[in-house]
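# Results of the structural survey
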Amino acid sequence: MINKLIPDLQVDTIYDIVLADLWKEGIRGIITDLDNTLVGAKVPLATPELIQWLKHLQSLGFKVVIVSNNNESRVGNFARPLNIPFIHRARKPANQAFHRAMSIMELKTEHVAVIGDQMLTDVLGGNRMGLFTILVKPISLMDEGFFTRINRKVEKAARVFIKK
Ligand SMILES: [Mg+2]
């Protein structure tokens, strides 16, 4: 399982992803996490910078779905103004939400990338599905919930293990 925690690509932020390279790899759709990937966990709406980035992404031809383990009000209030489809309470790393997102985009496994800040949900789930996985650094560790903080501890141990 430990190998499944290793992302295909690691970057600091979503803005460091070279979208042209993804396109060349055949990626046409992006499943993105919300909290601490697109904005901080306590930031209710998209920032102007993020809105620009999402527009750019779509203008290049990428499809996007927000897939979050958070609840309907958090994810819906964030995603609706952006006009981006979303799946809340996704229960990542479980497969189901990834499958649903792929069917929303009408794309197959080899054309979809997953972006997220957690190895145990975003990366593990994406890798098990055979998707291209991109790990970003969490935007803010300040406002995370109990389970996320436990996941961070496991991640830390996994990172030490992977380095060996
Ligand atoms: Mg997250």
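Provided above is the structure to which this section pertains.
To start, this report covers the structure provided alongside it. (Residues numbered from 1 in each chain as written. Predicted model: local features only at pLDDT ≥ 70, side-chain atom pairs only at ≥ 80, totals over all residues. Heavy atoms only, no water.)

### Let's talk about the packing of helix α5 (residues 119–129) against helix α6 (residues 146–163)
Across the interface, α5 lies against α6 with an axial gap of 10 Å and an inter-helix angle of 60°. Here α5 lies oblique to α6, going by the angle between them. Touching M119, L120 and T121 of α5 are N151, V154, E155, A158, R159 and I162, all from α6. Residues belonging to the contact of α5 with α6 are distributed by class as follows: 5 nonpolar, 2 polar and 2 charged. (Axes fitted to C-alpha atoms, helices over the stretch in contact; angles between N-to-C directions. Helix = DSSP H or I, 4+ residues; strand = E, 2+ residues; numbered from the N terminus. Parallel < 35°, antiparallel > 145°, perpendicular 65-115°, else oblique. Contact = heavy atoms within 4.5 Å. Nonpolar A, V, L, I, M, F, W, Y, C, P; charged D, E, K, R; others polar.)

### Overview of the pairing of strand β5 (residues 112–116)
Within β5, 5 of the 5 residues are buried, which leaves the element mostly enclosed by the surrounding structure. Along β5, one buried face is formed by V112, V114 and G116 and the opposite face, lined by A113 and I115, is buried too. Two elements, strand β2 (residues 29–32) and β5, share 4 bridges in a ladder whose sense is parallel. The residue bridging T32 from the neighbouring strand is I115, located in β5. Across 4 bridges, the pairing between β5 and strand β6 (residues 132–136) is parallel. Residue A113 lies in a different strand from β6, and its bridge partner there is F132. In this view, the connection linking β5 to its parallel neighbour β6 by way of α5 has right-handed handedness. (Buried < 20%, exposed > 50% of the residue type's maximum accessible area, 1.4 Å probe, protein only. Pairing = 2+ DSSP bridges. Right-handed = clockwise from strand over helix to strand, strands pointing away.)

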